[in-house]
Amino acid sequence: MEGKNGFTSFEGFGPGVEAPGFKPLTNDSKDKFGLRTVSVNSFDQNPPYILKLATNYTAGSQCLVASSSSDSTVKLHALDTNNGSLGYISELKGHQKAISGMGFIPGHEKLVYTASEDGTVVVWDTSSAKIARSFSAPNRKPFYSATCNQKALAAGTGSDIYLWDLESGKPFRSLEEYHTEEVTDLKFHPNHPNMLFSSGGDGMISQFDLSQMDEDEVLEGCINSSQPINSFDFFGPKLQYIQLINTMEEVTLFDIDTANKLIEFPDLRKSLSAVAGEEINYLIKCRYDIKSDRLYVCSGTNNGGLLISHLAKENIKNNLALYNEIGHNDIIRDLLFIDELQIVVSGGEDSKICVWAQGASKLPKSQSHAKAPASSRQSRQFNNRSNPYGGWRGRGRGSGRGRNQGRCQARGRGRGYSRGRGRGRGGRQMQRGRGRR
């Protein structure tokens, strides 16, 4: 069908409107979003970055927020769903290298998984802060991404994907050499638990049907985006589309079934800056609101500003701007949206977790589980930190042929799969175009 603004098959994906429940910050707004809580992870001279956030929120149970840091640890916090406050619970410590993937296991609200470049995937029991299970790939290959559903856990290495059965703890599948560069992101499709999707630094997104035991049939399809991919996710009424963010800070939308490119938003930072009236330095993630069938892009400034904007074909409209001088003062790395509570949680390179909520009119109460040094926080130095970004190490995108190229050519099934990777491009930017300190 022809959707609004000329989109084909995009139901409700029309002109920019205010996101449901999210109102722009204005001085005269009585129920505006504001800063509710700030939790400071560390006051060290070189505090660790907060890289990823995850929550186990379900109505009626304790809400936990997990944050992974560049010091290879995960900290657990209890989120008070009534007042938005965060309380530190414990630390999960055991990885020897950077944590590349983290999340709560669906259906098991007390279990957290972490994947690391030390070559292990660990399942933690948050009740005891101890390891419940640990997995590794052959030769302890470093992991660069991970995901799970209620039955299986998957983790990606430099070119391979390994899967384990969560109930037995045993490996049950390996998908080898389907990428020619690091597997940067993994996701099970929410509506089809046997469908696993992977993205890579080779610019490819591969779709696997895990119900197929024949190795020649497991690869269901491929999408060639032509640029190294940082992250992707699903959107649309039936989650039939994929949105991805590449290393050039561009957003591209694809149809899963046909692998056709729907629209590309090049030079998105420039467009967002023009709309915002302030320089936007990086993209954080995209967010799909299923109630309104609208796709939003979350972006930020180097001084801790957060902008949430609706993406439409003919315009970009800013829906929510969050900034508070007590909040973030550095790059924001991840966001959580807890829609039922109308809460946004952000984590950044300033070692802070901020909770934003409607009607937050009082000054936030700063919390910490770390001792402050004699010098002030404002004088912290960042130039000697270890690099927390992981991923590409300045390597070029090789033009080698992985399995998925040949198999997509052989198994088109009339779905218009992309064919061929093209010649290699330059190495991925180490910090996603944000500039080194």
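Described below are features of the structure shown in this document. What you see is a predicted model, and the numbers here were worked out from it, not measured in a lab.

1. Describing the overall build of the chain
Each helix and strand in the chain was counted, giving two helices and 29 strands. The 437 residues of the chain split such that 55% are buried. Pairs at least 24 apart in sequence give 53% of the contacts found in the chain among residues at least 6 apart. With the model as given, the accessible surface of the chain reaches about 18,300 Å², and the carbon-plus-sulfur share is 45%.

2. Describing the nonpolar core
Grouped together as the largest cluster of nonpolar side chains are 31 residues, with contacts concentrated most on Phe197, Ile205, Val251, Leu268, Val297 and Leu311. Membership of the second largest hydrophobic core comes to 20 residues, among which are Val38, Leu320, Ile332 and Phe337.

3. What to know about unusual backbone geometry
Positive phi outside glycine occurs at Ala259, with the angle close to 65°. Here Ala259 lies in the loop between strand 20 (251-255) and strand 21 (261-265).

4. What about the sheet that holds strand 2 (residues 50-55)?
Pairing within the open sheet is antiparallel, and its four strands lie in the order 2-3-4-5. The open sheet has two edge strands, strand 2 and strand 5 (86-93), and neither has a second partner. Between one strand and the next, the sheet's axes are offset by a mean angle of 25°, whatever the strand orientation. Here five bridges tie strand 2 to strand 3 (residues 63-69), and the two strands are oriented antiparallel to one another. Across the sheet, Leu53 pairs through a bridge with Ser67, a residue of strand 3.

5. Describing the sheet that holds strand 21
An order of 18-19-20-21 is seen for the four strands of this open sheet, with the pairing classed as antiparallel. With partners counted over all chains shown, the strands left at the sheet margins are strand 18 (229-235) and strand 21, one partner each. When strand polarity is set aside, the average angle formed by the axes of neighbouring strands in this sheet is 15°. Pairing of strand 19 (residues 241-246) with strand 20 involves five bridges; the strand directions are antiparallel. Counted as the bridge partner of Ile245 is Val251 from strand 20.

6. Side note on the pattern of salt bridges
Side-chain pairs of opposite charge can arise whenever the charged atoms involved come near each other. Under the criterion given, the structure shown has ten salt bridges. Across the pair Glu215 and Arg173 runs a salt bridge whose closest N-O atoms are separated by 3.5 Å. Of this pair, Glu215 sits in the loop between strand 16 (204-209) and strand 17 (219-224) while Arg173 sits in strand 13 (residues 171-175); the two residues are 42 residues apart in sequence, bridging distant segments of the chain. In this structure, a network of salt bridges that share partners links the residues Asp71, Lys75 and Glu91.

7. Brief notes about the packing of aromatic side chains
For the structure shown, the criterion picks out seven aromatic pairs. Each ring, one from Phe197 and one from Phe234, has its centre 5.0 Å from the other, and the planes form 75°; the classification is edge-to-face. Separated by 37 residues along the polypeptide, Phe197 in strand 15 (residues 192-200) and Phe234 in strand 18 bring together distant segments of the chain. A relative accessible area of 3% means that Phe197 is categorised as buried. Here Phe232 and Phe234 contribute two aromatic rings whose centre-to-centre distance is 6.1 Å and whose plane-to-plane angle is 85°, an arrangement assigned as edge-to-face. Each member of the pair, Phe232 together with Phe234, is buried. Taken together, the ring pairs connect Phe135, Phe143 and Trp164 into an aromatic cluster. The ring of Phe232 is capped by Lys187, whose NZ or CZ atom sits 5.1 Å from the centre of that ring.

8. Considerations on the side chain of Arg173
Since its relative accessible area comes to 8%, Arg173 is described here as buried. In contact with Arg173, other than residues within four places in its own chain, are Ile161, Tyr162, Leu163, Leu210, Gln212, Met213, Asp214, Glu215 and Val218.

9. A word on helix 1 (residues 268-276)
Considered for burial, the residues of helix 1 that qualify are Leu268, Leu272 and Ser273. In a view along the axis of helix 1, the buried residues occupy a sector of 135°, so they form one face of it. Along helix 1, exposed side chains directed more than 90 degrees from the buried face belong to Lys270 and Ala274. The inward-facing, buried residues of helix 1 contact strand 20, strand 21, strand 22 (282-289), strand 23 (294-300), strand 24 (306-311) and strand 25 (316-322). Once helix 1 finishes, Gly277 follows within two positions and takes phi at roughly 75°, a positive value.

10. Describing the state of the cysteines
This structure, assessed with the given rule, holds zero disulfides. Of the cysteine sulfurs around Cys286, a residue in no disulfide, the closest is that of Cys298, at 7.3 Å. Take Cys286: its relative accessible area is 8%, and that puts it in the buried class.

11. Considering the side chain of His328
Position of His328 relative to the elements: it lies in the loop between strand 25 and strand 26 (332-338). We classify His328 as buried; its relative accessible area is 1%. At a separation of 2.8 Å, a polar atom in the side chain of His328 contacts the side chain of Ser346. A distance of 3.1 Å separates a polar atom in the side chain of His328 from a polar atom in the side chain of Asp350. In this structure, His328 is in contact with Asn303, Gly304, Tyr323, Ser346, Gly347, Gly348, Asp350, Lys352 and Cys354, ignoring residues within four places of it in sequence.

12. What about the pairing of strand 27 (residues 343-348)?
A large share of strand 27 lies buried, amounting to six of its six residues. On strand 27, burial covers both faces: Ile343, Val345 and Gly347 on one face and Val344, Ser346 and Gly348 on the other are all buried. Two strands pair when backbone bridges link them, and strand 26 and strand 27 are joined in this way by six bridges, in the antiparallel orientation. Bridged to Ile332 within strand 27 is Gly348. In this structure, the hairpin formed by strand 26 and strand 27 is closed by a connection of four residues, where Gln342 is found at a positive phi of approximately 55°. Connecting the antiparallel pair strand 27 and strand 28 (residues 352-358) is a turn made up of three residues, with Ser351 showing a positive phi of about 70°.

Criteria and thresholds
Residues numbered from 1 in each chain as written. Predicted model: local features only at pLDDT ≥ 70, side-chain atom pairs only at ≥ 80, totals over all residues. Heavy atoms only, no water. Helix = DSSP H or I, 4+ residues; strand = E, 2+ residues; numbered from the N terminus. Buried < 20%, exposed > 50% of the residue type's maximum accessible area, 1.4 Å probe, protein only. Contact = heavy atoms within 4.5 Å. Areas by Shrake-Rupley, 256 points an atom, 1.4 Å probe, with all protein chains shown as cover. Core = buried A, V, L, I, M, F, W, Y, C linked by side-chain atoms within 4.5 Å. Pairing = 2+ DSSP bridges. Axes fitted to C-alpha atoms, helices over the stretch in contact; angles between N-to-C directions. Salt bridge = Lys/Arg side-chain N within 4 Å of Asp/Glu carboxyl O. Phe/Tyr/Trp six-rings, centres within 6.5 Å; stacked < 30°, edge-to-face > 60°. Lys NZ or Arg CZ within 6 Å of the ring centre and 35° of its normal. Arc of directions from axis to C-beta. Disulfide = S-S within 2.5 Å. Polar contact = N/O pair within 3.5 Å; in protein donor to acceptor, adjacent residues only side chain to side chain.

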